[in-house]
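Close look at the chain arrangement
Spelled out, the chains give:
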Amino acid sequence: NVLSIQLNPDVNKENVKIIFTPEHGTANIPVKELYTRTGYHFVAVEEQCTPDPDFSNTPTPNPEEGGAYQLAVEYAKKEDADIILVCDPDADRMGVAVKSEDEYGYTLLTGNQSGAVLIEYIFSQMKEKGLMPEHPVMFNTVVTGDLGEKIASKYGVETEKTLTGFKFIGEKIAKYEKSGEKQYVFGYEESYGSLIKPFVRDKDAPQACLMLAEAACYYKEKGKTLLDVLHDLYAEFGYYEESQTSLKLEGEAGAKRIQEIMTGFRTSDMKDVAGVKVVRFEDYKECRIVENGKERELTGFTKSDVLKYYLEDGSWIAIRPSGTEPKCKFYYCVRGASFEEVQQKTNAYQKAWSWKVFV
């Protein structure tokens, strides 16, 4: 089934070298088998290929954190590799780093960025080959960045939002499989997880590894890296800086403080963030939208403790308690005309946001 996702199975694989690590987890055999069968040139980080519940040879097995790439980068520099692919231990999330000219030699893409690159490659090839269905739909979450949706729209693909958690995307897939109203073409989260074909109902790292490898080979034939593709997308749709911060508050007192923070935001009439006007407010717990001074019902979602603020410059900020850790999480999707502008805005928004939390 995973082999069936290929769009260009005969792409030239000779000129791209991949460093792969399963971080002591279950991606080890499936991904190696996929690359062996399809002929991709890969080198595995052998120290991280043994099953190990202590994750002894990695600072962290989480592809969202830089430590997960530490040993893989050493391999990549030695092998002069094009990309590094890191799977988390249960093989549902995949992170990617791309060879670059910066001081580290490799640039780590966020889940939003790798998702955008996958969307561009998959949808462009589907359209070129006449594979795009009549009513295509893509799913992502309310805290996923906006760039992927912009790309999807270019290819005539509708985007539907779900709450955080891939089970909600799985439910949407099942719904449309039964009704036939729309046809699923992609789903992803900002937390490094994507699903290309829904023969499973969860994000799936082996599929992502195979498709990213194919995309890297395809674009190298055109003289581009995956980083070049991302920069082309920024030039077309505007620059985005997506980031996340969290406030760790443990114990009963911490849980109470998190609820106080959420209540404080929920009941405040926030007009601006760092001087930029708030133009829309969504409350997924009270199921309401406030826009242009008018309130209406927010529909289509299970009630959840999530707040989202849309700003006049096309950016947004969301806040929610973590479902698994004693944390209050803040998500930023900042839009601007250049890298410098979005970085400056991100710093300003994060500073203004933290000030409001700690008052």
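To start, this report covers the structure provided alongside it. (Residues numbered from 1 in each chain as written. Predicted model: local features only at pLDDT ≥ 70, side-chain atom pairs only at ≥ 80, totals over all residues. Heavy atoms only, no water.)

**Digging into the overall build of the chain**
- Regarding its fold elements, the chain presents nine helices and 17 strands.
- Each of the three principal axes of the chain carries a C-alpha extent, and together these read 60 × 50 × 40 Å.
- Looking at the 359 residues of the chain, the share that counts as buried comes to 55%.
- A separation of at least 24 residues holds for 64% of the contacts in the chain among residues at least 6 apart in sequence.
- Carbon and sulfur atoms provide 48% of the accessible area of the chain, an area that totals close to 16,200 Å².
- Each charge class in the chain can be summarised by its mean position, and for the 44 positive and 58 negative side chains these summaries are 5 Å apart. (Helix = DSSP H or I, 4+ residues; strand = E, 2+ residues; numbered from the N terminus. Buried < 20%, exposed > 50% of the residue type's maximum accessible area, 1.4 Å probe, protein only. Contact = heavy atoms within 4.5 Å. Areas by Shrake-Rupley, 256 points an atom, 1.4 Å probe, with all protein chains shown as cover. Lys, Arg positive; Asp, Glu negative; His and termini not counted. Charge placed at Lys NZ, Arg CZ, Asp CG, Glu CD.)

**Side note on the packing of helix α3 (residues 111-128) against helix α4 (residues 147-154)**
- Where α3 contacts α4, the axes come no closer than 9 Å and their chain directions differ by 10°. It follows that α3 is roughly parallel to α4 by the angle criterion. Mapping the contact onto sequence places A116, I119, E120 and F123 in α3 and L147, G148, I151, A152 and K154 in α4. (Axes fitted to C-alpha atoms, helices over the stretch in contact; angles between N-to-C directions. Parallel < 35°, antiparallel > 145°, perpendicular 65-115°, else oblique.)

**Thoughts on helix α6 (residues 205-221)**
- The terminal C-alpha atoms of α6, which comprises 17 residues, lie 24 Å apart, in line with the 24 Å expected from a rise of 1.5 Å per residue.
- With 15 of 17 residues buried, α6 lies mostly within the body of the structure.
- A positive backbone phi angle near 80° is found at G223, which sits one or two residues after α6. (Expected span 1.5 Å × (residues − 1).)

**Concerning empty space enclosed by the protein**
- Under the counting rule described, the total for this entry stands at one cavity of 30 Å³ or more.
- The computed volume of the largest cavity comes to approximately 70 Å³.
- For the largest cavity, the full set of lining residues is M94, G111, S114, G115, L118, Y188, E189, Y192, G193, S194 and A208.
- The element contributing the most residues to the lining of the largest cavity is α3, with four residues.
- Grouping the amino acids of the lining of the largest cavity by side-chain chemistry returns five nonpolar, five polar and one charged. (1 Å grid on protein atoms, 1.4 Å probe; cavity = no way out; pocket = protein on both sides within 12 Å on 5 of 7 lines; lining within 4 Å. Points joined across faces, edges and corners; volume = space filled by probe spheres on them. Nonpolar A, V, L, I, M, F, W, Y, C, P; charged D, E, K, R; others polar.)

**Points about the nonpolar core**
- L85, I122, F123, L147, F186 and L226 are the most contacted members of the largest nonpolar core, which has 72 residues in total.
- Looking at this core, the element that brings in the most residues is α6, giving twelve residues.
- Aside from chain neighbours lying at most four places away, what touches L226 is I83, V98, V117, L212, A215, A216 and Y219. (Core = buried A, V, L, I, M, F, W, Y, C linked by side-chain atoms within 4.5 Å.)

**A look at the sheet that holds strand β2 (residues 41-44)**
- Pairing is mixed in the open sheet, where five strands are placed in the order β2-β1-β3-β4-β5. The outermost strands of the open sheet, each flanked by one partner alone, are β2 and β5 (106-108). On average, each strand axis in the sheet is tilted by 25° relative to the strand beside it, whichever way the strands run.
- Direction of pairing for strand β3 (residues 83-87) relative to strand β4 (residues 94-99): antiparallel, over a ladder of five bridges. Bridge pairing in β4 links C87 to M94.
- Packed onto the sheet, helix α2 (residues 70-79) meets β1 (17-21), β2, β3 and β5 and runs at close to 160° relative to β1. (Pairing = 2+ DSSP bridges.)

**Some remarks on the packing of aromatic side chains**
- Per the stated rule, a full pass over the model turns up 15 aromatic pairs.
- Arranged with centres 5.0 Å apart and planes meeting at 85°, the rings of Y284 and F301 form a pair that is edge-to-face. One end of the pair, Y284, is in the loop between β12 (276-283) and β13 (288-291); the other, F301, is in the loop between β14 (294-297) and β15 (307-311), with 17 residues separating them in the sequence.
- Feature note: the residues Y35, Y40 and F42 constitute an aromatic cluster, connected by ring pairs.
- Above the ring of Y40, the side-chain terminus of K13 is found at 5.1 Å from the ring centroid.
- In this arrangement the basic side chain of R280 is found over the ring face of Y310, its NZ or CZ atom lying 5.6 Å from the centre. (Phe/Tyr/Trp six-rings, centres within 6.5 Å; stacked < 30°, edge-to-face > 60°. Lys NZ or Arg CZ within 6 Å of the ring centre and 35° of its normal.)

**A look at the side chain of T38**
- Looking at the secondary structure, you find T38 in helix α1 (residues 28-38).
- Taking relative accessible area as the criterion, T38 reaches 13% and is therefore assigned buried.
- Reaching out from T38, the side chain makes a polar contact with the backbone oxygen of L34 at a distance of 2.6 Å. (Polar contact = N/O pair within 3.5 Å; in protein donor to acceptor, adjacent residues only side chain to side chain.)

**Considerations on the sheet that holds strand β6 (residues 136-141)**
- The strand order across the open sheet built from four strands is β7-β6-β8-β9, with neighbouring strands paired in mixed fashion. Unpaired on one side and paired on the other, β7 (158-162) and β9 (194-195) mark the two borders of the sheet.
- Across five bridges, β6 lies against β7 in parallel orientation. Bridging across to β7, F139 finds its partner in E160.

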